[in-house]
Amino acid sequence: MERAQLEERVITLLAEAVVMPREDVEDPRTNLREDLGMDSMDYVDLITVLERELGQHVEREQLSWVRTVGDVVDLVCELAAKRDDLPTPRTSA
């Protein structure tokens, strides 16, 4: 999935998670705590949403540097790239 598509999906997910209009979440500089009012429980919910969306485990430590909407997009892009780089399992015939 391309970055623009991932960004759109992340913005939609964040808007749903914080129950705010999408327009309030679109700016990549939007601070999750200060502007969106996210607390530690919201971060836990965010991990759950990202895991479901990506189909892979997200470590809490991976969110330690995440402060803005842009940071979330960067993290998702990084995780998606790692997922896409994984070799496909070989099946024996």
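Here is what the cut-offs are and how they apply
Residues numbered from 1 in each chain as written. Predicted model: local features only at pLDDT ≥ 70, side-chain atom pairs only at ≥ 80, totals over all residues. Heavy atoms only, no water. Helix = DSSP H or I, 4+ residues; strand = E, 2+ residues; numbered from the N terminus. Buried < 20%, exposed > 50% of the residue type's maximum accessible area, 1.4 Å probe, protein only. Expected span 1.5 Å × (residues − 1). Core = buried A, V, L, I, M, F, W, Y, C linked by side-chain atoms within 4.5 Å. Contact = heavy atoms within 4.5 Å.

Asker: So what exactly am I meant to see when it comes to the environment of Q5 here?
Answerer: For Q5, the location among the structural elements is in helix α1 (residues 3–18). Relative accessible area serves as the criterion here: at 46%, Q5 is assigned to the partly exposed category. Along the primary structure Q5 and C77 are separated by 72 residues, whereas in three dimensions their C-alpha atoms are 9.9 Å apart.

Asker: What's the story with helix α2 (residues 40–54) in this structure? I'm lost.
Answerer: For the α-helix, the turn length of 3.6 residues means that residues three or four positions removed from each other point alike. In a regular helix each residue adds 1.5 Å, so 15 residues correspond to 21 Å; α2 covers 21 Å between its end C-alpha atoms and thus fits that length. Looking at α2, one finds that the buried residues are Y43, L46, I47, V49, L50 and L54.

Asker: It is not clear to me how the nonpolar core should be interpreted in this structure. Could you clarify?
Answerer: Soluble globular proteins: nonpolar side chains tend toward being buried together. L14, V25, L32, M38, L63 and V72 are the most contacted members of the largest nonpolar core, which has 26 residues in total. Within the residue set of this core, elements represented by two or more residues are α1, α2 and α3 (69–85). Broken down by element, the residue count for this core peaks at eight residues, all from α3. With residues up to four places along the chain from it excluded, the contact list for V25 reads I11, L14, A15, V18, M20, L36 and V69.

Asker: It is not clear to me how the environment of Q62 should be interpreted in this structure. Could you clarify?
Answerer: Structurally, the position occupied by Q62 is in the loop between α2 and α3. Sequence spacing of Q62 and L75 is 13 residues, and the spatial spacing of their C-alpha atoms is 7.8 Å.

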